[in-house]
Amino acid sequence: MAPVIEISGLRKTYRKLMRQPHHALDGLDLEVRPGEVHGFLGPNGSGKTTTLRALLGLIGTDGGSMRILGEEVPRRLPQVVGRVGAVVESPQFFKHFSGRLTLRILAESAGIPATRVDEVLEQVGLRDQARQTVKSYSLGMRQRLAVAQSLLKRPELLVLDEPANGLDPAGIHHMRALLQWLAHEQGVTVLVSSHLLSEVQQLCDSMTIVSRGRRIVDGKVADILAGHSGSQMSVRFADPAEVSEAVEVLMEAGDNLTVTAERDRLLVSGASDPAWITKTLADRSLYLTELVTETKNLESVFLELTGTAPQAGRAVQVGQSAPAADPEMTVPTGADR
Amino acid sequence: MNLYKAEIHRFARRRLSLIFGICGFAGLLLFSAVLAFNSQTGPTEAERAEAREMADNLNADYDRCAEDEEFFEDPEHVWVSEEPHFDDMTHEEICAELFPAQAQEEDFLYVYTFHFENEGTGIISGIAVLVGLLAMLLASSVVGAEWSSGGMANLLVWHPARMRVWGAKLAAGLTVCAAAVVAVVALAFVLLYLVAALRGETGTLDAAWWQDALGRLTRSLALAMGMTVLGSSLAMLGRHTAIAGGVIAGYLVVGDLLVRLAGFALNVKFPNRFSLYTWVDAWISGRVTLRDWSGRFEETMTLTATDAGLLLGGIVLVFTALATWSFARRDAS
Ligand SMILES: Nc1ncnc2c1ncn2[C@@H]1O[C@H](COP(=O)(O)OP(=O)(O)OP(=O)(O)O)[C@@H](O)[C@H]1O
Ligand SMILES: [Mg+2]
C-alpha cells in the first residue's frame, strides 16, 4: 500500500543576520504506512517539530518533497487537510474562551456539526471541564484539548507532536489506548513524535529515529530494538586511568563497536564474545579486573542510536548528538551554535 | 463561508466587543442627555426683555459719551486723558472702545439651542468615526491576540489556505464595523432628533439636506471600514495587538504633531496638509481650504473629498498589501 506520509530530502535552514546558518533539517526522510502507529523519535532539537510544521504548511522549506495521502504538499494541502488532524507543539488557544467554545469555533469554521464537540471532549476526558476558560486549564488539560481538536474532523491521519507531554500516568495510559484503538480498530494512521523510546515502544508499531535533522533508522519497533538491544559489556580496571587507553585499543581493534567510557568503567556493545575483549586488552598489557554482561535498557539504546551518550563529567548540549553512522561528528564543534 | 461565520462568532464572543458595546451605548446616551440638558428652545420673553434692557443701557452710555465733548473731564473718566494708548484716537473712537457701540439684544442672550439641521450631521459623522476607531482596535485585537496567544498556528493547521483565512478575517471585521456604525448612527440620529424636537430646533430636513447628510455619513462609514482594515493589517504585520494599537495611537498623538512641526520648521507652505486630521476632515466634510500667509499674499489650497479619498485609501491599501504579503510568505510560529 502507498505510504500515507512520504517525506524525502527535506531541508530547512534558519538564517539569522550575523550568524552561521542553522540546518534544522538536513535532508530528512520519513515514511509512514497506512493503519500503523508510527513513532517519530529524536533528542531535543533534532527537528521533529520542524518536520511536522513543514508537513502542515506552517513554515516554508528549503528543499525536498512531501506527500500526504498521495497528494503533494504544501501545494495540495488545502485539499487534503480535511482528512488530517494535527497537534503541533502543544498548541495554545485563546485564553478567555472556554474549551468548548474553542472547539465549537474550529468546528464551525470547517462545517463540522457542533454535536461532535461534545463527543471528542468526552473522548479525551474533558467533559466536566468543558465550560471552564482555557486560562484555568492545567498543562495536561490543555494537551487533552489539543488532542480533542485534532479528533474533531474524524481524521484519516493523525499527527501528534509529543501528545504525552504533561499527561499524568492515567492520562498517558488512556491516550495510548485511544491512539491504538484509533489505529487498529478505526484504521486511522497515527504519527506521534516523542523523545522517549519507552513510550514509543509501548505505543508504536514502527518508528523513525532522527538526529540533527536526519533519519538514522527506521523500521518496526520490535526489529530495531532486537537489532540494537542485545547486551553490552561493562569492563573495569584496577587503575581507572587505564580506561581511556582501553577505549583507543578497542576502537582500533574492532569494527562496529560502540565503546563508551564512564567514570571508572567501559561500556562495550557490538562485541559478540567477552573472550575477545579480554584477549585484545591483554595483548596490549591492559588487565581487566571485572567484566560483566548487562542487558541494555531502552535508554542506552536510544543514547546509542542517537549518539547522545553522555561523556564522563560533561553535560550533553542540545544539538551535540551525532548520527551513529558518522563518527567524526561526535566532536562537538560549537560552530553551529 | 463557514470560516467567515466562525470569525464573526469569534468577534461576537470576545469580552472586548461587549465592553466596547456597553461603553459606546452608554457614551451615546450620556452625550444625548448632556446635549438635552444644555440646549433650550429659545429664550423666554422675560430673558429677552432683560437682554434688551442691558443692550439699551450700553447704547445709551455710548450716546452720552459721543455727544458730550467734555465727557472725559468728569473725574470718573479723567484717567482716559492720561492714558497714552488713547492719544491718537478721536473722541468717538475712544467712546466706541469703552462702550461697545450698537449693542444688540442677542449679545446678552446666553442660550444655546441645539439645531439639528445645522449641527446634526457633523455630530453624527463624528460619532461614526469614533465607532470606527473602536472597530479598528477590536479588529486589531482579534488578529493580534490570535497571533500572540499562538492560536494562529492552530488555525492555519485547520485552514492552510492563508489567503482564505485572511479574507475571512477582513470580511468579518468589516461586517462587524459596518453593523456597528450603521446601528450607532441610526440610534444617534433618533436620539439627537428627539433632543432637537424636545429642547431645540429640528429645522427643515429637505432633499438637499438629506443628500448632504447621506453623503457625509456614507463617507464616515467608508472611513470607519478603512480604519478597520488598517487595524487588522497592522496587527497582522506586527503579530501583536499592542504593536498595532501602539502604532496607531503613537501616530495620531505624537507622529502627526511631529510631522506638522517639521513642516513649520522647514517653512513648507501649508504645513497643515501634512496632518492626517486635515485629510480626514476633507474626506468627511467634502472640502477643506487651507490658507497660507508666508508669502506676500494670502494663498489658499483646497483639498477635496476625492483627494483625501485617494490619499487615505492609498495608505490603507499599502498596509493591507504589506500585511497580505507578510502573511503569505512568512513562517507561522
Ligand atoms: N524559529 C526558529 N528559528 C531558529 N531556529 C529554530 C526555529 N525553530 C526551530 N529552530 C531550530 O531547529 C532545530 C530543531 O528544532 P525542533 O523544534 O524541530 O526540535 P524538536 O525535535 O521538536 O525538539 P524537542 O524534542 O525539544 O521538541 C533546533 O535546533 C532549533 O533551535
Ligand atoms: Mg518539538
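These numbers come from a predicted model, not from an experiment.

1. Regarding the overall build of chain B
Then comes step 1: What chain B contains, in helices and strands, is twelve helices and two strands.
Then comes step 2: Going from the N terminus to the C terminus, chain B shows its helices and strands as α-α-α-α-α-α-α-α-α-α-α-β-β-α.
Then comes step 3: In summary, chain B has a C-alpha radius of gyration of 28 Å against a globular reference of 20 Å for 333 residues, an excess of more than 25%.
Then comes step 4: Across its three principal directions, the C-alpha atoms of chain B cover 95 × 50 × 35 Å.
Then comes step 5: Here chain B holds 333 residues, and the buried ones make up 39% of them.
Then comes step 6: Here the contacts in chain B between residues at least 6 apart in sequence split such that 73% fall between residues at least 24 apart.
Then comes step 7: Surface exposure of chain B reaches about 17900 Å², of which carbon and sulfur atoms provide 63%.
Then comes step 8: In chain B, which carries 23 positive and 38 negative side-chain charges, the distance between the mean positions of the two groups comes to 33 Å.

2. Regarding the overall build of chain A
Then comes step 1: When helices and strands are counted, chain A shows eleven helices and 14 strands.
Then comes step 2: Seen along its three principal axes, the alpha-carbon backbone of chain A occupies a region of about 75 × 45 × 40 Å.
Then comes step 3: The proportion of buried residues among the 337 residues of chain A is 46%.
Then comes step 4: A separation threshold of at least 6 residues defines the contact pool for chain A, and within that pool the share at least 24 residues apart is 67%.
Then comes step 5: Just so you have it, chain A exposes about 16000 Å², and 49% of that area is on carbon and sulfur atoms.

3. Describing the side chain of A:Ser46
Residues and elements named next belong to chain A.
Then comes step 1: Looking at the secondary structure, you find Ser46 in the loop between strand 3 (37–41) and helix 1 (48–55).
Then comes step 2: A polar atom in the side chain of Ser46 sits 2.7 Å from the backbone oxygen of Pro43.
Then comes step 3: If we skip the residues at most four places from it in the chain, Ser46 touches Ala24, Val210, Ser211, Arg212 and Gly213.

4. Here's the deal with the pairing of strand 10 (residues 214–220) of chain A
Residues and elements named next belong to chain A.
Then comes step 1: In this sheet, strand 10 lies alongside strand 9 (residues 206–211) in antiparallel orientation, the contact comprising six bridges. Bridge assignment links Ser206 to a residue of strand 10, and that residue is Lys220.
Then comes step 2: Between strand 9 and strand 10, which pair antiparallel one after the other, the connecting turn spans two residues, and Arg212 there sits at a positive phi close to 50 degrees.

5. Digging into the interface of chain A and chain B
Then comes step 1: On the chain B side, the residues contacting the 30 residues of chain A number 26 residues.
Then comes step 2: Between chain A and chain B lies a buried interface of about 2400 Å² when both sides are counted; carbon and sulfur atoms form 62% of it.
Then comes step 3: Ranking the residues of chain A by area buried against chain B places A:Leu58, A:Glu108 and A:Ser109 at the top, with a combined share of 25%.
Then comes step 4: Viewed at the interface, chain B and chain A are joined by one salt bridge.
Then comes step 5: The shortest N-O distance in the salt bridge between B:Asp331 and A:Lys12 comes to 2.8 Å.
Then comes step 6: Where the side of chain A that touches chain B is concerned, the elements lending two or more residues are strand 1 (5–14), helix 2 (77–80) and helix 3 (99–109) of chain A.

6. Points about empty space enclosed by the protein
Then comes step 1: Overall, the coordinates contain five cavities of 30 Å³ or more when judged by the stated rule.
Then comes step 2: The space that makes up the largest cavity amounts to roughly 180 Å³.
Then comes step 3: If you trace the largest cavity, you find 15 residues lining it, with A:Phe94, A:Thr102, B:Arg10, B:Glu146 and B:Gly151 closest to the centre.
Then comes step 4: For the lining of the largest cavity, the secondary structure elements donating two or more residues are helix 3 of chain A together with helix 6 (116–149) and helix 7 (151–158) of chain B.
Then comes step 5: Sorting elements by how many residues they give to the lining of the largest cavity places helix 6 of chain B first, with four residues.
Then comes step 6: In terms of residue class, the lining of the largest cavity is built from eight nonpolar, four polar and three charged.
Then comes step 7: Roughly 60 Å³ of volume is contained in the second largest cavity.
Then comes step 8: Taken together, A:Pro163, A:Ala164, A:Ile172, A:Met175, A:Arg176, A:Leu179, A:Glu199 and A:Leu203 form the lining of the second largest cavity.

7. Side note on the layout of surface pockets
All names here are of chain B.
Then comes step 1: In this model, the second largest pocket occupies a volume close to 710 Å³.
Then comes step 2: Along the wall of the second largest pocket there are 26 residues; nearest its centre are Met227, Leu230, Leu276, Val280 and Leu312.
Then comes step 3: When residues of the lining of the second largest pocket are traced back to their parent elements, those giving at least two are helix 6, helix 9 (207–238), helix 10 (241–265), helix 11 (276–285) and helix 12 (305–329).
Then comes step 4: Considered class by class, the residues forming the lining of the second largest pocket number 21 nonpolar, four polar and one charged.

8. What to know about the domain arrangement of chain B
Then comes step 1: Once the domains are mapped, chain B shows domain 1 (3–41 + 114–329) and domain 2 (45–108).
Then comes step 2: Centre-to-centre separation of domain 1 of chain B and domain 2 of chain B, based on C-alpha positions: 51 Å.

9. Description of the sheet that holds strand 2 (residues 22–32) of chain A
Within a sheet, neighbouring strands are paired by backbone hydrogen bonds and run either parallel or antiparallel to one another.
Residues and elements named next belong to chain A.
Then comes step 1: One open sheet accounts for four strands, arranged 2-1-4-5; its pairing is antiparallel. The open sheet terminates on both sides in strands that have one partner only, identified here as strand 2 and strand 5 (71–73). Averaged over all pairs of adjacent strands, the angle between their axes in this sheet comes to 30 degrees, without regard to strand direction.
Then comes step 2: Bridging between strand 4 (residues 65–68) and strand 5 involves three bridges; their strand directions are antiparallel. Paired with Ile68 across the strands is Glu71, a residue of strand 5.

10. Section: the domain arrangement of chain A
Then comes step 1: Assigned domains of chain A: these are domain 1 (5–226) and domain 2 (231–294).
Then comes step 2: A separation of 42 Å is found between the C-alpha centroids of domain 1 of chain A and domain 2 of chain A.

11. Remarks on helix 5 (residues 139–151) of chain A
Then comes step 1: The terminal C-alpha atoms of helix 5 of chain A lie 19 Å apart, and with 13 residues this matches the ideal 18 Å at 1.5 Å per residue to within 8%.
Then comes step 2: Within helix 5 of chain A, eleven of the 13 residues are buried, leaving the element largely enclosed by the surrounding structure.
Then comes step 3: Listing the buried residues of helix 5 of chain A in full gives A:Gly140, A:Met141, A:Gln143, A:Arg144, A:Leu145, A:Ala146, A:Val147, A:Ala148, A:Gln149, A:Ser150 and A:Leu151.
Then comes step 4: Buried residues in helix 5 of chain A make contact with strand 6 (84–87), helix 3, helix 4 (115–123), strand 7 (157–161) and helix 6 (169–186) of chain A together with helix 7 of chain B.

12. Focus on the packing of helix 3 of chain A against helix 5 of chain A
All names here are of chain A.
Then comes step 1: Following both chains from N to C, one finds helix 3 and helix 5 inclined at 25 degrees, their axes separated by 10 Å at the closest point. By the criterion of interaxial angle, the relationship of helix 3 to helix 5 is roughly parallel. Here helix 3 runs over helix 5; the crossing is right-handed. Packed against helix 3, whose contacting residues are Gly99, Leu103 and Leu106, the element helix 5 presents Leu145, Ala148 and Gln149 at the interface.
Then comes step 2: Classifying every residue of the contact of helix 3 with helix 5 gives four nonpolar, two polar and no charged.

13. Topic: the site of ligand 1
Residues and elements named next belong to chain A.
Then comes step 1: In the region of ligand 1, 13 residues are neighbours, and His22, Gly45, Lys48, Thr49 and Thr50 sit closest.
Then comes step 2: Residue Asn44 places a side-chain N or O atom 2.9 Å away from an oxygen atom belonging to ligand 1.
Then comes step 3: Interatomic distance of 2.5 Å between a side-chain N/O atom of Thr49 and an oxygen atom of ligand 1.
Then comes step 4: If ligand 1 stood free it would expose 630 Å²; the protein chains cover 70% of that surface.
Then comes step 5: Sorting the residues of the shell around ligand 1 by element identifies strand 2 and helix 1 as the ones contributing at least two each.
Then comes step 6: Of the residues forming the shell around ligand 1, the biggest block, three residues, is contributed by helix 1.
Then comes step 7: Here the shell around ligand 1 is composed, by residue class, of three nonpolar, eight polar and two charged.

Rules and cut-offs
Residues numbered from 1 in each chain as written. Chains lettered and ligands numbered in written order. Predicted model: local features only at pLDDT ≥ 70, side-chain atom pairs only at ≥ 80, totals over all residues. Heavy atoms only, no water. Helix = DSSP H or I, 4+ residues; strand = E, 2+ residues; numbered from the N terminus. Rg over C-alpha atoms; globule rule 2.2 N^0.38 Å. Buried < 20%, exposed > 50% of the residue type's maximum accessible area, 1.4 Å probe, protein only. Contact = heavy atoms within 4.5 Å. Areas by Shrake-Rupley, 256 points an atom, 1.4 Å probe, with all protein chains shown as cover. Lys, Arg positive; Asp, Glu negative; His and termini not counted. Charge placed at Lys NZ, Arg CZ, Asp CG, Glu CD. Polar contact = N/O pair within 3.5 Å; in protein donor to acceptor, adjacent residues only side chain to side chain. Pairing = 2+ DSSP bridges. Buried area = accessible area lost by both parts, 1.4 Å probe. Salt bridge = Lys/Arg side-chain N within 4 Å of Asp/Glu carboxyl O. 1 Å grid on protein atoms, 1.4 Å probe; cavity = no way out; pocket = protein on both sides within 12 Å on 5 of 7 lines; lining within 4 Å. Points joined across faces, edges and corners; volume = space filled by probe spheres on them. Nonpolar A, V, L, I, M, F, W, Y, C, P; charged D, E, K, R; others polar. Domains from an automatic or database assignment. Axes fitted to C-alpha atoms, helices over the stretch in contact; angles between N-to-C directions. Expected span 1.5 Å × (residues − 1). Parallel < 35°, antiparallel > 145°, perpendicular 65-115°, else oblique. Left-handed = near helix turned anticlockwise from the far one by under 90°. Near = heavy atom within 4 Å.

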